[in-house]
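Given next are the chains, with one letter for each unit.
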Amino acid sequence: MPLEVQISNVVCVAAILGSFAVSSIKIIEGAALGNGLFMIGAPFAALVCYVICALLKKNKPGVFFCYFWLCMVGVPGAFFTAGASYVSGTAYFAMTLVLAAFVFHGRDWIPWIIVQSLVILGCVTLSYHRPDLAVEYSARRLVHIDVLGSSFIIGLGIFGLVKFQIWAYRLQKEKADAASRAKAEFLATMSHEIRTPMNAIIGLQDSILKEPLSENQKKYMTNLRMSSFALLDIVNNILDFSKIDTGGVQIMDSDFNLTALLENIVTTNTMTAEKKGLVFKTAFSETLPKFLRGDEVKIRQILNNLLSNAIKYTPKGYVELAAFICSIGPDEESSREFICFEVKDSGIGIKAEDRNRVFSPFEQLDLRKNKGILGTGLGLSITRSFVRAMGGAIELESVYGKGSCFRVLLPYLWSDKQEEAPVLVKEVFFAPEAKVLVVDDVDINIMVAQAMLGEYKIVPDSALSGEEALEKAAAKEYDLVFMDQMMPGMDGIETTERLRKISAHYAAVPVVALTANVVNTSQEYFRDLGFNSFLYKPIETEKLFKCLTENLPQDKIV
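Nothing here was measured: the structure is a model prediction, and the numbers come from that model.

Strands sit in the order β9-β8-β10-β11-β12 across an open sheet of five strands; the sheet is parallel. A single partner strand is all that each edge strand has here, and the edge strands are β9 (461-463) and β12 (533-536). Neighbour-to-neighbour, the strand axes of the sheet open up by a mean angle of 20 degrees, direction not taken into account. Both strand β11 (residues 511-515) and β12 contribute to a ladder of four bridges, which runs parallel. Among the inter-strand pairings, Ala-513 is bridged to a residue of β12, identified as Phe-534. The strands touched by helix α11 (residues 443-454) within the sheet are β8 (436-439), β9 and β10 (480-484), with β8 carrying the most contacts at an inclination of about 155 degrees. Against the sheet, helix α12 (residues 466-475) makes contact with β8 and β9, and its axis sits at roughly 145 degrees relative to β9, the strand it touches most.

Structure representation (structure tokens):
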């Protein structure tokens, strides 16, 4: 049963038992036989109705009948026939309102609270104008007994209800946490299972494109590669949304080259825009710093998401990326500096009534007009989550049919960095003497790695398991090890731990994790596992180049 139904059932049964207890106390106090039978009759009628409805599997009517007999018949009856109007009546009426909060859910409680309030008002008004209708206690000791009994019954009743609900929701939270952990594990597994074949698909496409091809073959392979990256983007968006949904967004601030980042984003998106016949414009302020402090990866993803959407929903005209520093505040002294990015387009625009929905997950607006435009509807939702996680804001201006402007404001974090560290290697280099070991349990992944390393004239050794990797490492001193993180049997983490213990050489040798798990994305995470750095699958050419320049011995590079 749903949790709300379970709570309703437990509360109803507890209320029936409590009503029998209260009725018994009233009879012991000396209530008249007729009044006593009436007070016993109300919880008995509630019990009969509840049992019948339970047997018929009609939970909702059972709750309604139970509440009616106990709170709208039994309590008002006790108010007049058992002296409650003089002592405990108000407390029992208060209890009826508390019970309503526990047994009714959704909007069902609204009419019951209204009717119950009218019943309370009617009973108090009637007892005031017709005091002869309310039975008085025959002895002072009965008043004290009633005060004592009602205090304990109602106090313990409310205490028990609150404790029960806390326990019930804590139980549900534990189940939700377990489900969240299972979801995270599932995502890690699915990430690995999906990205592993994508590594082979994209890696082999790159290798094929470097071979002599006819014009048609090159065109087909280029389109196939673009489709592969589109599929990878969809997978990444789903994983990003899942991380956001489970509170897994981490902001990794570091110094980065803003100029280089913007140039890279412009280059990538200009090609896409020009293929669609669009003009790609830029407007970068001269006051922009060369270096900035922030999460470069997420800023890149934010801008790429916005530009991708702009290009996607602009059939003709232009797309523009602007960046500048702005100050926001009531006056100059208390204003705060932000870095502002604007993505404008001359596309289809967004209707005024749809602007509140545009950042909702899985939303695709104006489906008829946008038929044929592919996407998950997650890009803007992810973008807003990243912006908020960085303490910024995102704004939208749009005229339907004329275009849109998305404005991202991020807190301006000054970087002390002035220049990039000098690169000690050539843009193109070879390392034929480098001893490299690639460990992966999938043959085709090793084939991809061999092809990519072959561009640098590196002929790597390979191992299909952790055990085989340790055997080869014991027989030969490698300069660099690429280690698949997730392998059956001895995984990459355990293999690396054992590798470090082989000798002093392997205690210091660079080990790079090859991972298809994008759930954990921080450099610190992989360092804590014993790796020097990591590469995502599919392996990107630029990142492999950087990894080799940082980890290969300089005397092996020519």
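Moving on to the packing of aromatic side chains. A complete count under the given rule lists 15 aromatic pairs for this structure. The interplanar angle of 35 degrees and the centroid separation of 5.3 Å between the aromatic rings of Phe-64 and Trp-112 together place this pair among those described as tilted. Of this pair, Phe-64 sits in helix α3 (residues 59-81) while Trp-112 sits in helix α5 (residues 109-129), placing them 48 residues apart in sequence. A residue is classified by how much of its surface remains accessible, and Trp-112, at 16% relative accessible area, is buried.

Our next topic: the pattern of salt bridges. Tallied over the entire structure, the rule returns 17 salt bridges. The partner of Asp-108 in a salt bridge is Lys-60, with the nearest N and O atoms 3.3 Å apart. One end of the pair, Asp-108, is in the loop between α4 (89-103) and α5; the other, Lys-60, is in helix α3, with 48 residues separating them in the sequence. For Lys-60, a relative accessible area of 46% gives the class partly exposed.

Attention now moves to empty space enclosed by the protein. Under the criterion given, the structure shown has five cavities of 30 Å³ or more. Put simply, the largest cavity is a space of about 60 Å³. Around the largest cavity, the lining residues are Ala-449, Met-452, Leu-453, Phe-482, Leu-514, Leu-535, Ile-539 and Leu-544. If you tally residues by element for the lining of the largest cavity, the top one is α11, at three residues. Within the lining of the largest cavity, the residues separate by chemical class into eight nonpolar, no polar and no charged. Put simply, the second largest cavity is a space of about 50 Å³.

Residues of helix α16 (residues 541-551) that are buried include every one of Leu-544, Cys-547, Leu-548, Thr-549 and Asn-551, and no others. Looking at the buried residues of α16, the elements they touch are α11, β10, β11 and β12.

On to the layout of surface pockets. Its boundaries defined by the atoms lining it, the second largest pocket holds a volume of some 530 Å³. For the second largest pocket, the lining is made up of 26 residues, of which Ala-15, Gly-18, Ser-19, Met-95 and Leu-99 are closest to its centre. Of all the elements in the fold, those that place two or more residues in the lining of the second largest pocket are α1 (3-29), α2 (33-55), α3, α4 and α6 (140-209). Per-element tally for the lining of the second largest pocket: the top contributor is α1, with nine residues. Here the lining of the second largest pocket is built from residues that sort into 18 nonpolar, seven polar and one charged.

A few words on helix α9 (residues 296-312). Counted at 1.5 Å a residue, the expected span for α9 with its 17 residues is 24 Å, and the 24 Å between its end C-alpha atoms agrees. Along α9, the positions that sit buried rather than exposed are Lys-298, Ile-299, Ile-302, Leu-303, Asn-305, Leu-306, Leu-307, Asn-309, Ala-310 and Ile-311. For α9, the capping residue at the N-terminal end is Asp-295, with a side-chain oxygen 3.2 Å from the backbone nitrogen of Lys-298.

The next subject is the sheet that holds strand β2 (residues 279-284). With respect to topology, five strands assemble into an open sheet ordered β2-β4-β5-β7-β6, the strand pairing being mixed. Of all the strands in the sheet, the pair left with one neighbour each is β2 and β6 (393-399). In this sheet, neighbouring strand axes are inclined to one another by 15 degrees on average, regardless of whether the strands run parallel or antiparallel. Across the sheet, helix α8 (residues 258-275) touches β2, β4 (318-328) and β5 (336-345), and the angle it forms with β2 is around 165 degrees.

On to unusual backbone geometry, then. As a rule of thumb, non-glycine residues mostly have phi less than zero, and peptide bonds are mostly trans rather than cis. Residue Pro-538 follows Lys-537 across a cis peptide bond; omega there is -5 degrees. Inspection of the secondary structure assignment puts Pro-538 in the loop between β12 and α16. With a phi angle near 60 degrees, Lys-57 is a residue other than glycine that sits in the positive phi range. Tracing the backbone through its elements, the reader meets Lys-57 in the loop between α2 and α3. At Lys-457, a position not held by glycine, the phi torsion is positive, near 60 degrees.

Running from N to C, α12 and helix α13 (residues 492-500) cross one another at 20 degrees; their axes reach a closest spacing of 10 Å. Our classification of the angle between α12 and α13 gives roughly parallel. For the element pair α12 and α13, the recorded crossing hand is right-handed. Residues Gly-466, Ala-469, Leu-470 and Ala-473 of α12 touch α13, and the partners they reach there are Thr-495, Arg-498 and Leu-499. Its residues assigned to classes, the contact of α12 with α13 shows four nonpolar, two polar and one charged.

Residues Leu-258, Leu-321 and Phe-341 are the most contacted members of the largest nonpolar core, which totals 38 residues. The element best represented in this core is α9, accounting for seven residues. Discounting residues that sit within four places of it in the chain, Leu-258 has contacts with Leu-288, Pro-289, Lys-290, Phe-291, Leu-292, Ile-339 and Phe-341. In terms of nonpolar packing, the next biggest core, distinct from the first, is built from 33 residues, Cys-12, Phe-79, Phe-93 and Ala-168 among them.

Once that is clear, we can look at the side chain of Thr-515. Topologically, Thr-515 is positioned in strand β11. Within the local environment of Thr-515, its side chain forms a polar contact with the side chain of Gln-485, the two groups lying 2.8 Å apart. With sequence-adjacent residues up to four places away left out, Thr-515 is seen in contact with Gln-485, Phe-526, Phe-534, Leu-535, Tyr-536 and Lys-537.

Conventions used here
- Residues numbered from 1 in each chain as written.
- Predicted model: local features only at pLDDT ≥ 70, side-chain atom pairs only at ≥ 80, totals over all residues.
- Heavy atoms only, no water.
- Pairing = 2+ DSSP bridges.
- Helix = DSSP H or I, 4+ residues; strand = E, 2+ residues; numbered from the N terminus.
- Axes fitted to C-alpha atoms, helices over the stretch in contact; angles between N-to-C directions.
- Contact = heavy atoms within 4.5 Å.
- Phe/Tyr/Trp six-rings, centres within 6.5 Å; stacked < 30°, edge-to-face > 60°.
- Buried < 20%, exposed > 50% of the residue type's maximum accessible area, 1.4 Å probe, protein only.
- Salt bridge = Lys/Arg side-chain N within 4 Å of Asp/Glu carboxyl O.
- 1 Å grid on protein atoms, 1.4 Å probe; cavity = no way out; pocket = protein on both sides within 12 Å on 5 of 7 lines; lining within 4 Å.
- Points joined across faces, edges and corners; volume = space filled by probe spheres on them.
- Nonpolar A, V, L, I, M, F, W, Y, C, P; charged D, E, K, R; others polar.
- Expected span 1.5 Å × (residues − 1).
- Polar contact = N/O pair within 3.5 Å; in protein donor to acceptor, adjacent residues only side chain to side chain.
- Parallel < 35°, antiparallel > 145°, perpendicular 65-115°, else oblique.
- Left-handed = near helix turned anticlockwise from the far one by under 90°.
- Core = buried A, V, L, I, M, F, W, Y, C linked by side-chain atoms within 4.5 Å.

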